[in-house]
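Read off the chains here:
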2 protein chains.
Amino acid sequence: MSLARTRVQEFCARFGLRAPILQAPMASASPVALGVAVANAGGMAGLGALQMSPAEITGWAEGFRAGSNGAFQINLWAPDPPPRRDPAHEAQVRARLATLGPEPPPLGDGPFLPDFAAQCEAVLAARPPVVSTIMGLWAPEFVAELKARGILWICNATTLAEARAAEAAGADAVIAQGAEAGGHRGSFTPEAAEAQLIGLFALVPRLADALSIPVIAAGGIMDGRGIAAALTLGASAVQLGTAFLRCPETGLAPAWADGLAAAAPEDTVLTRAFSGRLARGIANDATRAFESLAPAPYPLQRVLTTPMRTEAGKANDLSRMQAWAGQGAAMARAEPAADLTRRLWAEAEALLP
Amino acid sequence: MSLARTRVQEFCARFGLRAPILQAPMASASPVALGVAVANAGGMAGLGALQMSPAEITGWAEGFRAGSNGAFQINLWAPDPPPRRDPAHEAQVRARLATLGPEPPPLGDGPFLPDFAAQCEAVLAARPPVVSTIMGLWAPEFVAELKARGILWICNATTLAEARAAEAAGADAVIAQGAEAGGHRGSFTPEAAEAQLIGLFALVPRLADALSIPVIAAGGIMDGRGIAAALTLGASAVQLGTAFLRCPETGLAPAWADGLAAAAPEDTVLTRAFSGRLARGIANDATRAFESLAPAPYPLQRVLTTPMRTEAGKANDLSRMQAWAGQGAAMARAEPAADLTRRLWAEAEALLP
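This one's a predicted model, so the numbers in the text were calculated from it and none came from an experiment. (Residues numbered from 1 in each chain as written. Chains lettered and ligands numbered in written order. Predicted model: local features only at pLDDT ≥ 70, side-chain atom pairs only at ≥ 80, totals over all residues. Heavy atoms only, no water.)

Draft legend 1. Main features of the interface of chain B and chain A. If you look at the interface, chain B gives 33 residues, while chain A gives 32 residues. Summed over both sides, the interface between chain B and chain A buries roughly 2700 Å², with carbon and sulfur atoms accounting for 65% of that surface. On the chain B side of the contact with chain A, F201, R225 and E266 of chain B bury the most area, a combined 26% of that side's loss. Residue R225 of chain B pairs with D209 of chain A through a salt bridge whose shortest N-O separation is 2.8 Å. Listing elements by their share of the side of chain B that touches chain A, those giving two or more residues are α8 (200-210) and α9 (224-233) of chain B. In terms of residue count, the dominant contributor to the side of chain B that touches chain A is α9 of chain B (7 residues). For the side of chain B that touches chain A, the class distribution of residues is 20 nonpolar, 8 polar and 5 charged. (Contact = heavy atoms within 4.5 Å. Buried area = accessible area lost by both parts, 1.4 Å probe. Salt bridge = Lys/Arg side-chain N within 4 Å of Asp/Glu carboxyl O. Helix = DSSP H or I, 4+ residues; strand = E, 2+ residues; numbered from the N terminus. Nonpolar A, V, L, I, M, F, W, Y, C, P; charged D, E, K, R; others polar.)

Spelled out as structure tokens, the structure:
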């Protein structure tokens with residue numbers, strides 16, 4: 001058996017999969033139906049729980065288990081220190097956003113995010129086979145809780161330094177997040193995101209050579225060719241986000257789904273316009289509005305853009321929508337997620353020795 | 001035979017190769033000895049002739065033929081309109097450079113580059129099997145001259161739009177230049193370079209699906225894994241630059257060679273500091289000096305930085321050196337180029353079905 005197939009086989013055995021394909025835990029696009037379809041086709045479902053209440057996390061896990069006994073991961077962002085406040089700058093951002101949509105809300109003093117400790121409790125109570133972090137590590141005490149329960153931990157990394165930190169902290173696998181990826185960059189230091197844009201051709205072998213835990217490649221992987229190429233570079237599995245966005249189960253806004261099909265790689269941009277953290281999405285009026293004005297820090301910018309994003313969603317208006325997209329967007333297929341998962345792995349297997 | 005192997009076989013037959021590996025025509029690092037070693041191992045040699053006189057081009061080709069009857073390409077940059085002059089800004093750039101090295105020369109009125117028409121004449125007279133362009137297309141009359149002589153044309157592309165333009169203009173193959181690549185970005189419009197940074201995972205399949213001419217992948221490909229992955233994504237061959245920089249035949253400044261071995265992907269930056277056109281190299285004092293001041297346009301910045309670069313080279317001082325490097329730099333091996341070429345292809349073949 002080839003080295004790549006051996007890596008896949010070991011990964012699938014450890015993570016309870018029949019195909020080495022993880023559906024990315026996309027915070028705005030991971031409904032139960034998508035996860036169930038992926039898991040029942042042998043891949044790993046993913047829940048992006050960042051903005052969910054404990055009850056919503058519990059509800060998702062119950063819903064998933066009603067449809068599948070397959071594998072799933074629940075993802076949270078490692079928390080940041082509270083954002084630095086700058087009322088004058090926030091007023092500028094608010095004025096800029098008012099040119100694009102309804103008046104942004106007053107920010108007040110927060111909290112601006114769901115209670116992280118309560119989310120973590122809900123995650124443990126849901127007993128997922130896998131949890132994952134992006135933007136940083138779990139605290140050691142929480143890692144101990146995971147280990148005690150036999151829950152595996154996958155940690156996102158954008159550099160080898162981050163991946164090594166994850167391995168040292170007890171991660172069971174790392175995501176190698178290539179610069180091609182859609183959605184948020186996972187750099188542990190928010191300000192470093194722009195300087196840590198490494199393509200998968202350089203990132204995957206670098207991590208695979210240095211780590212003893214498996215590497216999961218993510219970013220720009222859209223079909224069997226991409227999966228086989230990532231495994232050839234040294235990955236043990238792949239994580240796909242944009243590739244699943246046009247599946248009917250995802251229920252994406254039609255303008256976003258159509259935008260993906262039409263998006264050349266160079267139509268995507270890295271922007272802090274929507275959340276205050278760097279992310280890749282389709283360039284539009286909202287991203288351009290923050291080329292000449294720095295957005296507020298995360299998560300203030302996310303709170304401030306909520307009315308615009310809500311209105312854009314209702315109006316199906318791509319020009320102001322938070323339309324995350326990786327550089328391979330145009331290769332995403334509008335296909336049921338189970339069929340897609342099975343087809344992708346069959347295509348990839350045919351390309352491997 | 002697998003599709004990837006069939007593509008390779010057809011490419012090698014058409015371009016006269018035994019291995020689908022092109023040594024990138026690096027303008028500052030393509031001595032005869034390197035090309036001879038690569039070609040005699042079955043790959044394609046490359047001469048970056050941008051800054052060479054007609055006599056130097058002729059001399060390189062004669063030297064190459066004395067050592068090898070293999071394949072080689074001669075590369076030129078498609079010429080730009082004359083740079084826009086801004087004496088006040090040029091004075092700022094000159095003052096900034098004077099903090100890093102000797103006083104920059106007065107620019108005068110030019111010309112700032114060798115005579116392009118005379119270079120083209122010398123290229124035709126050298127009758128290389130292959131010519132290549134970066135930064136744009138050949139003029140139709142010159143393409144006709146190439147076709148009349150049976151000289152093949154490879155054109156660098158950073159987007160599908162550029163690749164389609166190349167195919168329509170008569171190119172026989174395109175380079176898919178990924179964002180991972182070291183050295184200059186080849187975007188046809190200089191100002192667009194920052195917006196056309198597409199990773200190979202997205203770029204190679206996009207070009208391979210849309211074109212009828214072969215795609216050669218470049219950027220971050222450092223070993224057999226990278227070569228096999230690129231071929232799996234749809235490429236017919238690969239072009240490697242950074243991977244050959246530490247070969248003894250290249251004769252790189254020792255500080256640059258050591259810098260490659262030590263460079264993490266995130267230690268490289270995209271900068272206009274050395275030439276005025278965007279390029280990836282090792283971050284240093286010179287690149288940082290132009291984070292807060294825009295460099296002069298190409299090729300004025302190149303002329304202005306000549307004393308600094310010359311002094312840095314003599315002093316073996318990486319802090320001011322133009323040290324081009326792709327994101328895979330640390331994987332470059334200090335190994336004779338013929339051994340490297342043969343080893344890379346053997347490693348890649350073992351990973352292909």
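Following the structure, the description resumes.
Draft legend 2. Geometry of the packing of helix α7 (residues 160-168) of chain A against helix α8 (residues 200-210) of chain A. Residues and elements named next belong to chain A. Where α7 meets α8, the closest approach of the two axes is 10 Å, and the angle between their N-to-C directions is 35°. Helix-helix and strand crossings are classified by hand; for α7 and α8 the assignment is right-handed. Along the contact surface, α7 presents L160, A163, R164 and E167, while α8 presents R206, L207 and A210. Among the residues making up the contact of α7 with α8, the classes are represented as 4 nonpolar, no polar and 3 charged. (Axes fitted to C-alpha atoms, helices over the stretch in contact; angles between N-to-C directions. Left-handed = near helix turned anticlockwise from the far one by under 90°.)

Draft legend 3. Here's a closer look at the relation of the copies chain B and chain A. Screw-axis analysis of chain B against chain A gives a translation of 0.0 Å along the axis, an RMSD of 0.0 Å, and a rotation angle of 180°. With respect to symmetry, the two chain copies, as superposed, fit the operation of a two-fold axis. An overlap of 97% is found between the interface residues of chain B and their copies at the interface of chain A, pointing to a shared contact surface. (Least-squares fit on C-alpha atoms with pLDDT ≥ 70 in both.)

Draft legend 4. Expanded view of the sheet that holds strand β8 (residues 215-218) of chain B. Residue and element names in this part refer to chain B. The strand order β1-β9-β8-β6-β5-β4-β3-β2 describes an open sheet built from 8 strands, whose pairing is parallel. In this open sheet, the two strands that pair with only one neighbour each are β1 (21-23) and β2 (45-48). On average, each strand axis in the sheet is tilted by 25° relative to the strand beside it, whichever way the strands run. Both β2 and strand β3 (residues 72-77) contribute to a ladder of 4 bridges, which runs parallel. The residue of β3 that forms the bridge with G48 is N75. In the packing of helix α5 (residues 116-126) onto the sheet, the strands contacted are β3 and β4 (130-134), and the crossing angle to β3 comes to about 170°. (Pairing = 2+ DSSP bridges.)

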